[in-house]
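Results of the structural survey
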Amino acid sequence: MDTREIDTRNYTALLKKYIETQDEQALYGAEQISKSFIKKNILPEEFVNLHIQALLEIYPDLHDKIKPSMHFLLEAMISYGLAHQEFQNLREKQLAIKSEILVAARMQKMLLQSKIPETDELDIGVISVPANQMNGDYHHFVKGKDGTISITIADVIGKGIPAALSMSMIKYAMDSFPENIMTTDTVLASINRVVERNVDPSMFITMFYAQYKPDTGKLYYSSAGHEPGFYYSSRLQKFKDIESKGLVLGVNPDASYVQDELNLEKGDIIILLTDGVTECRRDNQFIDRTEVIDVIKKYIHLPSQEAVNHVYRHFERLQNFQLRDDFTLIMIKKQV
Amino acid sequence: MDTREIDTRNYTALLKKYIETQDEQALYGAEQISKSFIKKNILPEEFVNLHIQALLEIYPDLHDKIKPSMHFLLEAMISYGLAHQEFQNLREKQLAIKSEILVAARMQKMLLQSKIPETDELDIGVISVPANQMNGDYHHFVKGKDGTISITIADVIGKGIPAALSMSMIKYAMDSFPENIMTTDTVLASINRVVERNVDPSMFITMFYAQYKPDTGKLYYSSAGHEPGFYYSSRLQKFKDIESKGLVLGVNPDASYVQDELNLEKGDIIILLTDGVTECRRDNQFIDRTEVIDVIKKYIHLPSQEAVNHVYRHFERLQNFQLRDDFTLIMIKKQV
Amino acid sequence: MMNSQSCVTILKEWDIVAARQMGREIAKNIGFGTVDQARITTAISELARNIYLYAGEGKISFNIVQSLDTKGISIKAEDKGPGIKDLSQVMEDGFSTSGGLGAGLPGVRRLMDDFDIISEVNKGTTIVTVKWLR
Amino acid sequence: MMNSQSCVTILKEWDIVAARQMGREIAKNIGFGTVDQARITTAISELARNIYLYAGEGKISFNIVQSLDTKGISIKAEDKGPGIKDLSQVMEDGFSTSGGLGAGLPGVRRLMDDFDIISEVNKGTTIVTVKWLR
Ligand SMILES: [Mn+2]
Ligand SMILES: [Mn+2]
Ligand SMILES: [Mn+2]
Ligand SMILES: [Mn+2]
């Protein structure tokens, strides 16, 4: 007896039972059968055909009424069966693309990885999660020979694969700059020229670049149209925006930038982020920046890495576990 | 009267007609209705429900038999409806990824594009078609100041996005070599070191690199494990393989290559290709290289560009219009 | 917001059927049509099976909920099981633990209108999901 | 290989129904079951509609074909219409000209076993597709 025959007998028996008792258990059986059929790639028209065979067995006297009326339904189900198969095919293709992107994402991660520099002065935490598999956000830390710590955070407008391709280029370019001897505004001006020359004109990049100099205790920074970060003053117990004027990268090769600075005291905190954090949506409504601060406040007493992890988990849930944009959050606490 | 009500009436009328006449026209109507329902996102369980309502109207006296027996089918269809919705969601995601890859592919095309050099001596045709949207095959022509024409053809093992990412790197590296003063074997040795250092160890690249020197009329070439091309001797009217020994790129940083040469006479033809051409499959059986020659022979009298286009179209059809690997074919005819 | 609660403890497979029956009865009384009754019942089935298969023990409870202009059925599934480590992944199509197409928690979310989940590893999972009468 | 041909000219929508009817009759005589009859008829519908909508005029012909161990129905759709420029695209899912899901030529290929198409722009299209009795 082949499986098809077993299916037919089971189905007929279950249907008969339901017709007699109309109880829930038979319906639970129906659900389990149909789930197992889907797994076995049985198409909906075959399912309807099975039902017809069962009906004819149960009501042999109704043959002349059941047959044409149910055959009509069967014919109509063929289109549903076709849609089912088309979808299944797409699903297989999707799995193939997914594994391809996974390899590309791994390559990208290897290429773009950035270690948090070791320092007793600063407690640094960072989380960067792509909305899809490839990350269009970028962050990078470098500790120079003189102890200067430089921090880059950037966001390609657009996401996914094309954004990731551009990011690799940025990384090659940044690596070629001489170490820490340039001011933050000249770094942005140089990288702007590279982007303008090499990246598709439809693509823009926002970037925030900062250098922390341990000898002065100051943070020097410049921004190319990037989402402002937050500065928390431990003395005033207040948050304020870290703003700096500057055009996004890739628009005008002659754009120039300004360097601003912040004096960091013990307990002060710098928060850098991309718009994937501030533009979280809840029920299709953007949250606002004060809401981000409220969430950060809840976890600010924790070590930086734990704090950013908690903030991320909060917004992940808020968005029903489906990020709409790449999410990058850096927290830097001055410890001494 | 809302559309749902119209649907119900239409369906009932059509079903009634079919039950009375059992003719083909009503079944054609059923097909058209179900297609339009799928477009309107009506799920299979709703379709079955519609059928139940129609049956109850047509056979009011069978109410007690129709209702439970058909309700059982409806319950079982819920799982099919869920599968349908899951597939639909995947389909939307797929469209999003597709348009993303399209942008990336356009970027790649811009980055990797290679013009056929202008020369009276050679008639060059080239076709390169990716199996998916992004091409893991690479080809490039350069005409040096001394008239030397260099030709590169390469294939990343693996295809799609990760292959394309590696290709961009190869392109950057090749562009940085000094022009035409290196022999073909030293070019491969240099590029091998770049690949070994920078590309994921799981990835390999095969490459064939050649230089045609107009002053000697000779083609100098080296191969890094690349699919052998074909040389057609006009005098002998015979094809033979263009073979050259050498390890694929990226395995051993110290690999060395040999330079071979061919004397080209008027009417001689060089054919370079990737394994996407020779490993075409028909009904899951690989064709063999002699079959490729047979197809090329059919079109060899045409100008090179037309010839490669025709050969491509032949293999496209042979594979049921679904390429399994990137397909690159170059034809070079010596004209004088 | 009117409130009236009933619940079923899930311990053995038979309890899944009891939860389905209770949920279907409530949905019918609220005024849901046959197709929606079947959908709600399928969602209950999925939630109860998850408890039965992965937590071993848990509870499904039902509430009639009332908004300004309509009412609905709220289903809560609670367990003290192993919890879910990566919620984003579990909520993604094609990752259903029950392996089937269209099943698992994404299926529940589709069958219902509102959906919320809280899960902690080694502490358990609570899912609340609502379907509104249209 | 046994051979017996019948054909229907497609000019108006009514001819689609005639083609379906002839094809279904032949499929039934060969011994196909109800579900396969319905699938073959749907494939014929799709081919005939394509002729009716895009070429204006054409022909559907049927052959009973015989292999070593089974027989089948072969359907040939011919027109002298505008032809198809990008066959790879037309054969890809989701590009169906009729816009619907699962329809178009990929649908025909799924419903049948063998499928071959030749098309030249401004000259027309010929499709031959076979379903074998299992
Ligand atoms: Mn971005
Ligand atoms: Mn962003
Ligand atoms: Mn390849
Ligand atoms: Mn290849």
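Note that the structure is predicted; figures quoted are calculated from it, not measured. (Residues numbered from 1 in each chain as written. Chains lettered and ligands numbered in written order. Predicted model: local features only at pLDDT ≥ 70, side-chain atom pairs only at ≥ 80, totals over all residues. Heavy atoms only, no water.)

Once that is clear, we can look at the sheet that holds strand S3 (residues 149-156) of chain A. All names here are of chain A. The sheet built from 5 strands is open, its strands ordered S2-S3-S4-S5-S8 with antiparallel pairing. Of all strands in the sheet, those bounded by a partner on one side alone are strand S2 (137-143) and strand S8 (260-263). The average angle at which neighbouring strand axes cross in this sheet is 15°, direction not considered. Pairing of strand S4 (residues 205-213) with strand S5 (residues 218-224) involves 7 bridges; the strand directions are antiparallel. Its bridge partner lying in S5, Gln211 is registered against Tyr220. (Pairing = 2+ DSSP bridges. Helix = DSSP H or I, 4+ residues; strand = E, 2+ residues; numbered from the N terminus. Axes fitted to C-alpha atoms, helices over the stretch in contact; angles between N-to-C directions.)

Under ideal tetrahedral coordination, the four donors around a metal are separated by 109.5 degrees; under ideal octahedral coordination, the six donors are separated by 90 or 180 degrees. Residues and elements named next belong to chain B. Every protein donor of the manganese ion (ligand 4) is accounted for by Asp155 (OD), Asp275 (OD) and Asp325 (OD), and the metal-donor separations fall at 2.1 Å. Along the chain, the residues donating to the manganese ion (ligand 4) fall in the pattern D-x119-D-x49-D. Here the manganese ion (ligand 4) and the manganese ion (ligand 3) are spaced 3.4 Å apart, and both take Asp155 as a donor. Here Asp275, found in helix H7 (residues 275-278), pairs with Asp325, found in the loop between helix H9 (304-318) and strand S12 (327-334); they are 50 residues apart in sequence, far enough to count as distant. The buried category is assigned to Asp275, whose relative accessible area is 18%. (Donors = N, O, S within 2.8 Å, 3.2 Å for Na, K, Ca; no water. Buried < 20%, exposed > 50% of the residue type's maximum accessible area, 1.4 Å probe, protein only.)

Let's shift gears to the interface of chain C and chain A. Chain C puts 28 residues into the contact, and the matching count from chain A is 16 residues. For the chain C and chain A pair, buried surface summed over both sides reaches about 1900 Å², with 48% attributable to carbon and sulfur atoms. Scanning the region where chain C abuts chain A turns up 5 salt bridges. Across the pair Arg20 of chain C and Glu31 of chain A runs a salt bridge whose closest N-O atoms are separated by 2.7 Å. Put simply, chain C and chain A have 9 residue pairs in polar contact (both at pLDDT 80 or more) between them. Broken down by secondary-structure element, the contributors of at least two residues to the side of chain C that touches chain A are helix H1 (13-30), helix H2 (34-55), helix H3 (87-90) and strand S4 (114-120) of chain C. (Contact = heavy atoms within 4.5 Å. Buried area = accessible area lost by both parts, 1.4 Å probe. Salt bridge = Lys/Arg side-chain N within 4 Å of Asp/Glu carboxyl O. Polar contact = N/O pair within 3.5 Å; in protein donor to acceptor, adjacent residues only side chain to side chain.)

To continue, consider the interface of chain B and chain A. Each partner contributes to the interface: chain B provides 64 residues, whereas chain A provides 65 residues. Of the roughly 5800 Å² buried where chain B meets chain A, counting both sides, 73% is carbon and sulfur surface. When the buried area of chain B at its contact with chain A is split by residue, Phe72, Tyr80 and Phe87 of chain B rank highest and sum to 15% of it. Between chain B and chain A we count 0 salt bridges in total. For the pair chain B and chain A, the interface holds 10 residue pairs in polar contact (both at pLDDT 80 or more). Those elements that place two or more of their residues in the side of chain B that touches chain A are helix H1 (3-21), helix H2 (24-39), helix H3 (44-58), helix H4 (63-112) and helix H5 (160-175) of chain B. Here the element with the most residues in the side of chain B that touches chain A is H4 of chain B; it accounts for 28 residues.

Our focus in this paragraph is the relation of the copies chain B and chain A. Between the two chain copies there is a screw-like relation: a rotation about an axis and a shift along it. In the superposition of chain B on chain A (RMSD 0.1 Å, axial shift 0.0 Å), the rotation amounts to 180°. Look at the turn and shift together and you get a two-fold axis relating the two. Proximity to the rotation axis, assessed at the C-alpha, singles out Phe87 of chain B in chain B; its C-alpha lies 2.6 Å from the axis. (Least-squares fit on C-alpha atoms with pLDDT ≥ 70 in both.)

Relative placement of two packed helices is described by the angle separating their axes and the distance separating the axes. Packing of helix H2 (residues 24-39) of chain A against H1 of chain C brings their axes to within 9 Å, and their N-to-C directions diverge by 105°. One element, H2 of chain A, and the other, H1 of chain C, form an angle in the roughly perpendicular class. Contact residues: H2 of chain A offers Glu24, Gln25, Leu27, Tyr28 and Glu31 of chain A, while H1 of chain C offers Glu13, Trp14, Ile16, Val17, Arg20, Gln21 and Arg24 of chain C. Split by residue class, the contact of H2 of chain A with H1 of chain C holds 5 nonpolar, 2 polar and 5 charged. (Parallel < 35°, antiparallel > 145°, perpendicular 65-115°, else oblique. Nonpolar A, V, L, I, M, F, W, Y, C, P; charged D, E, K, R; others polar.)

All names here are of chain A. Donor atoms from the polypeptide that coordinate the manganese ion (ligand 1) comprise Asp155 (OD) and Val156 (O), at 2.1 to 2.2 Å from the metal. Between the manganese ion (ligand 1) and the manganese ion (ligand 2), a separation of 3.4 Å is found, and both are coordinated by Asp155. Grouping residues by exposure puts Asp155 and Val156 together as buried.

We now examine the pattern of salt bridges. Taken as a whole and assessed by the stated rule, the structure comprises 36 salt bridges over all chains. As a salt-bridge pair, Glu46 of chain C and Lys35 of chain A come within 3.1 Å of each other at their nearest N and O atoms. With one member in each of two chains, Glu46 of chain C in helix H2 and Lys35 of chain A in helix H2 form a pair that bridges those chains. In this pair, the class of Glu46 of chain C matches that of Lys35 of chain A, namely buried. Measuring nitrogen to oxygen at the nearest pair gives 2.7 Å for the salt bridge that ties Lys218 of chain A to Glu261 of chain A. With Lys218 of chain A in strand S5 and Glu261 of chain A in strand S8, this residue pair connects regions lying 43 residues apart in the sequence. Three or more residues joined by partner-sharing salt bridges are found here, namely Glu24 and Glu31 of chain A, Glu75 of chain B together with Arg20 and Arg24 of chain C.

All names here are of chain C. Residues at a pLDDT of 70 or more form 90% of chain C, whose mean pLDDT is 88. Ranking the elements of chain C by mean pLDDT puts H3 last with 79 and strand S3 (residues 71-79) first with 97. Low pLDDT, under 50, characterises residues 96-100; the predicted model gives this stretch 11 contacts beyond four residues in sequence or across chains. (pLDDT = per-residue confidence, 0-100.)

Note on placement: Glu316 of chain A falls in helix H9 (residues 304-318). Look at Glu316 of chain A: it is buried, it has no salt bridge, and the nearest opposite charge is Arg313 of chain A at 5.9 Å. The residues touching Glu316 of chain A, leaving out its near neighbours within four places in the chain, are Phe321 of chain A together with Ser88 of chain C. (Lys, Arg positive; Asp, Glu negative; His and termini not counted.)

Let's shift gears to the pairing of strand S5 (residues 124-132) of chain D. Residue and element names in this part refer to chain D. Pairing of strand S3 (residues 71-79) with S5, which is carried by 8 bridges, proceeds in the antiparallel orientation. Paired with Ser74 across the bridge in S5 is Val130. Strand direction decides the pairing type here: strand S4 (residues 114-120) and S5, joined by 7 bridges, are antiparallel. By the bridge assignment, Phe115 is partnered in S5 with Thr129. In textbook terms, the turn of a hairpin is the stretch between consecutive antiparallel strands, and for S4 and S5 this stretch comprises 3 residues, one of which, Asn122, has a positive phi near 70°.

Another aspect to go through is the environment of Thr12 of chain A. Residues and elements named next belong to chain A. Relative to the helices and strands, Thr12 is located in helix H1 (residues 3-21). When the C-alpha positions of Thr12 and Gln53 are compared, they lie 8.2 Å apart, and in sequence the two are 41 residues distant. Residues contacting Thr12, with those up to four places away along its chain left out, are Ala54, Glu57 and Ile58. At 2.7 Å, the side chain of Thr12 forms a polar contact with the backbone oxygen of Thr8.

Let us look at the sheet that holds S5 of chain D. Hydrogen bonding along the main chain pairs the strands of a sheet, whether they run parallel or antiparallel. All names here are of chain D. Pairing within the open sheet is antiparallel, and its 5 strands lie in the order S1-S2-S3-S5-S4. The sheet is open, and its two borders are formed by strand S1 (5-10) and S4, each paired with just one other strand. Direction aside, the axes of adjacent strands within the sheet are offset by 15° on average. Sheet strands touched by helix H2 (residues 34-55): S1, strand S2 (58-66), S3 and S5. Its angle to S3, the strand with the most contacts, is close to 10°. Its contacts with the sheet place helix H4 (residues 104-111) against S4 and S5, and it is angled at close to 150° to S4.

To continue, consider empty space enclosed by the protein. Enumeration according to the criterion identifies 5 cavities of 30 Å³ or more in this entry. Its volume calculated, the largest cavity comes out at about 140 Å³. Secondary structure elements with two or more residues in the lining of the largest cavity: helix H4 (63-112) of chain A together with H4 of chain B. A class-by-class count of the residues in the lining of the largest cavity yields 10 nonpolar, 2 polar and 2 charged. (1 Å grid on protein atoms, 1.4 Å probe; cavity = no way out; pocket = protein on both sides within 12 Å on 5 of 7 lines; lining within 4 Å. Points joined across faces, edges and corners; volume = space filled by probe spheres on them.)

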